[in-house]
Each structure stands twice: as structure tokens, then as C-alpha cells.
Amino acid sequence: MLLVALDFDGNISVHVDDPEAAGPLPEAAEAVEALSALDSTSVALVSGRAIDSLVEVSGAGDHILLAGSHGGEYRMEVGAPPLSLSEKELDDVERLGAILHEVSSRHPGTAVESKPAGHALHLRNADDEVALDAQHDVRRRVLAELPGVTARPGKDVEEFSVLAATKGDAIERIRAHVGATATYYSGDDLTDEDAFRALHDGDVGVKVGPGDTLAPFRVPAPVDVAVILTRLAELRATHVRSR
Ligand SMILES: [Mg+2]
């Protein structure tokens, strides 16, 4: 079983200012469909987005496995129970939201994205100085008031979650779920490094864009990922049909 696991934003979709306006590149979406239709081949999206948001922007049907909230939420089987949090975790999610909204209200251009297990402060549309100040402010306040939560700094985003799950956990879990013997993973953000770390010998990791990485391969942009996936779908089709 080959597992093709994919970050969404900045990997098969181009980053856009309005996160809800994102969508996969047509060539990438086509390759994803082609791969998922092949025998002995599973496709999963592994994203920091909440599952609901991931379904909305990706349009992924039930044949695509989903890990959302950086491995905090899954859609692997129809009817699987939704994420369940303890009272304390729910309280912490609420307090986190209050802190982020307060910081955001003082920093024009920033925006809060709410997820089932945490919140993210988006800095992409703020001026550099404002973004830097908001970043320091939110880190300091969350550390002081909610020291137990997990911080996930990303590209133009400061995210905090009551769950410590990572994209590496997601890779482990999906690999076991499908019985993968080989895995492909590509992604563009800091949190994708956890996924690259979870790869085994013989797996393929591809970093998209600039920045330090554990991945052995790198391409400049999502359009290049679409090319990889299209070629992978062709080669995989030939391979599974020849068996
Ligand atoms: Mg990404």
C-alpha cells in the first residue's frame, strides 16, 4: 500500500489572503483523484485546518482520508466519533480564544481562526511591525496565562492548541490505518517538519519553498507539487496494472 499524504495550503493549493477562498490547483486535484482511484494506493490530506474547513476548501470526498488540526482531528471512517475534549480542555480553548481576540483587536490586519481544539492568530494581512508586535504579545500572554497549551508557530501565523498532536502523529496513525508500506509526503510549513521526521527509509519527503527542512527533496511551489503528483499517478497506474 502506497500512502500519498499531502499538506493542503501552500502544497496543493496556493496561499491566499482569505483562507476560506483557498482551493486546490486543478492539476493537483486531478492527480489526487487519479491516485485515490488506484488499487493499493491511499491519499490523505494532513492539514493544520480544522476538518470542517479542510473539507470545505479541498472538496475532498469520502475516499480521501483527512487529518485536521495538525493531527488533532481525523476523518478516516464514516461515522467515526468526533473529537472529544475534557471540560478543562474546553475551558482552555475558550480562554485561548479570548486572549487571541483581545490581541487581534489591538493589531489591525490580524485575524483569529477558531478550531475545535484551539485558535490561530493570522498575521499575513498585517503590516510587518504590527505583525511582529502581535506575535510577541500573543506568545507572552498565552505562556503566562495558559502554560500547558501547545504553541505552533507557523508561516505568518501563531497557533495554540490544547492538544499536543503533530502532523507526525497524523502520519503514524494514517500509515497504520491503511497499512502503508511506503509514504510520500510534501508540505511547505514549519509544522510539516514533524511529518518529515515521521517518514521511514524509502519514503519520500518533499519540502515546498524556502526554509530549513528535514526533507531530502525540495521544489519551489505548489505548481511543482502538481507536476510530481501527476507523474506519480501515471507511474503508479502503470505499476499496479502490471501486477
Ligand atoms: Mg502548508
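The structure displayed is predicted, hence computed values, not measured ones. (Residues numbered from 1 in each chain as written. Predicted model: local features only at pLDDT ≥ 70, side-chain atom pairs only at ≥ 80, totals over all residues. Heavy atoms only, no water.)

Asks: What is the right way to read the overall build of the protein from this model?
Replies: Scanning the protein from N- to C-terminus turns up 7 helices and 11 strands. The C-alpha atoms of the protein give 18 Å as radius of gyration, which agrees with the globular expectation for 243 residues (18 Å, within 12%). With the C-alpha coordinates aligned to their principal axes, the bounding extent of the protein is approximately 60 × 35 × 30 Å. Put simply, the protein has 243 residues, and 52% of those count as buried. Counting contacts in the protein only where the partners sit at least 6 residues apart, residues at least 24 apart contribute 56% of the total. About 11,700 Å² of surface is accessible on the protein, with carbon and sulfur atoms providing 54% of the total. Where the 22 positive side-chain charges of the protein centre and where its 42 negative ones centre are 4 Å apart. (Helix = DSSP H or I, 4+ residues; strand = E, 2+ residues; numbered from the N terminus. Rg over C-alpha atoms; globule rule 2.2 N^0.38 Å. Buried < 20%, exposed > 50% of the residue type's maximum accessible area, 1.4 Å probe, protein only. Contact = heavy atoms within 4.5 Å. Areas by Shrake-Rupley, 256 points an atom, 1.4 Å probe, with all protein chains shown as cover. Lys, Arg positive; Asp, Glu negative; His and termini not counted. Charge placed at Lys NZ, Arg CZ, Asp CG, Glu CD.)

Asks: Help me out: how do you make sense of the coordination of the magnesium ion in this one?
Replies: Octahedral six-donor coordination of a metal ideally yields angles of 90 or 180 degrees, compared with 109.5 degrees for tetrahedral four-donor coordination. The coordination sphere of the magnesium ion, as far as protein atoms go, consists of Asp7 (OD), Asp9 (O) and Asp188 (OD), spread over 2.1 to 2.2 Å. In primary sequence terms, the donor set of the magnesium ion follows D-x1-D-x178-D. Taken as a pair, aspartate 7 in the loop between β1 (2-6) and α1 (26-36) and aspartate 188 in the loop between β9 (182-187) and α6 (192-197) lie far apart in primary sequence, 181 residues in all. Among the residues examined, aspartate 188 registers a relative accessible area of 4% and is labelled buried. (Donors = N, O, S within 2.8 Å, 3.2 Å for Na, K, Ca; no water.)

Asks: Explain the packing of α1 against helix α7 (residues 222-241) to me, please; I cannot follow it from the model alone.
Replies: The packing of two helices is summarised by the inter-axis angle and the distance between the axes. Their axes nearest at 8 Å, the elements α1 and α7 cross at an angle of 25°. Considering their axes alone, α1 and α7 lie roughly parallel with respect to each other. In this structure, the crossing between α1 and α7 has a hand that is left-handed. Where α1 approaches α7, its residues Glu27, Ala28, Ala31, Val32, Ala34 and Leu35 are matched on the opposing element by Ala226, Leu229, Thr230, Leu232, Ala233 and Arg236. Each residue belonging to the contact of α1 with α7 can be placed in one class, and the counts come to 9 nonpolar, 1 polar and 2 charged. (Axes fitted to C-alpha atoms, helices over the stretch in contact; angles between N-to-C directions. Parallel < 35°, antiparallel > 145°, perpendicular 65-115°, else oblique. Left-handed = near helix turned anticlockwise from the far one by under 90°. Nonpolar A, V, L, I, M, F, W, Y, C, P; charged D, E, K, R; others polar.)

Asks: Looking at this model, I keep getting lost on the pairing of strand β3 (residues 65-68). Mind explaining?
Replies: Remark: a regular strand shows side chains that alternate across the two faces of the sheet. Burial along β3 is two-sided: the residues Leu65 and Ala67 and Leu66 and Gly68 are all buried. As paired strands, strand β2 (residues 41-46) and β3 are joined by 3 bridges and run parallel to one another. Bridging across to β3, valine 46 finds its partner in alanine 67. Chirality of the crossover, the property in question, places the unit of β2, helix α2 (residues 51-58) and β3 among those that are right-handed. In terms of strand pairing, β3 meets strand β4 (residues 73-75) through 3 bridges, oriented antiparallel. When the sheet's bridge partners are listed, leucine 66 is paired in β4 with arginine 75. Linking β3 back to β4 in an antiparallel pair, the connection comprises 4 residues, with serine 69 at a positive phi of about 50°. (Pairing = 2+ DSSP bridges. Right-handed = clockwise from strand over helix to strand, strands pointing away.)

Asks: Just checking my understanding: could you explain unusual backbone geometry for this structure?
Replies: Keep in mind that most residues, glycine aside, have a negative phi and that most peptide bonds are trans. One non-glycine residue, serine 69, lies in the positive phi region at around 50°. Tracing the backbone through its elements, the reader meets serine 69 in the loop between β3 and β4. Here serine 69 falls in the buried class, since its relative accessible area comes to 7%.

Asks: Is there a simple way to explain the sheet that holds strand β8 (residues 157-161) in this structure?
Replies: Strand pairing in a sheet is mediated by backbone hydrogen bonds. Such pairs are either parallel or antiparallel. A sheet is described by the order of its strands in space; here 4 strands give the open sequence β5-β6-β8-β7, paired in antiparallel fashion. Of all strands in the sheet, those bounded by a partner on one side alone are β5 (111-115) and β7 (150-154). Mean inter-strand twist for the sheet, computed between neighbouring axes without regard to direction, equals 15°. Sheet topology note: the strand β6 (residues 118-122)/β8 ladder contains 5 bridges and is antiparallel. From the neighbouring strand, leucine 121 faces β8, where its bridge partner is glutamate 158. Each of β5, β6 and β8 touches helix α3 (residues 87-105); the most contacted strand, β6, lies at about 15° to it. Along the sheet, helix α4 (residues 128-145) makes contact with β6, β7 and β8, crossing β8 at roughly 15°.

Asks: Would you mind going over the domain arrangement of the protein with me for this structure?
Replies: Reports of interface size often rely on the accessible area that becomes lost once the parts have come together. The domains assigned to the protein are domain 1 (2-82 + 166-241) and domain 2 (87-161). Between domain 1 and domain 2, the C-alpha centre-to-centre distance is 26 Å. Taken together, the contacts link 13 residues of domain 1 with 10 residues of domain 2. Summed over both sides, the interface between domain 1 and domain 2 buries roughly 1,000 Å², with carbon and sulfur atoms accounting for 46% of that surface. When the area that domain 1 buries against domain 2 is broken down by residue, the three leading residues are Asp17, His70 and Asp189, summing to 34%. At the junction of domain 1 and domain 2, the tally comes to 2 salt bridges. Close ionic contact of aspartate 188 with lysine 155 constitutes a salt bridge, the shortest N to O distance being 2.8 Å. Put simply, domain 1 and domain 2 have 5 residue pairs in polar contact (both at pLDDT 80 or more) between them. Here the side of domain 1 that touches domain 2 is built from residues that sort into 3 nonpolar, 5 polar and 5 charged. (Domains from an automatic or database assignment. Buried area = accessible area lost by both parts, 1.4 Å probe. Salt bridge = Lys/Arg side-chain N within 4 Å of Asp/Glu carboxyl O. Polar contact = N/O pair within 3.5 Å; in protein donor to acceptor, adjacent residues only side chain to side chain.)

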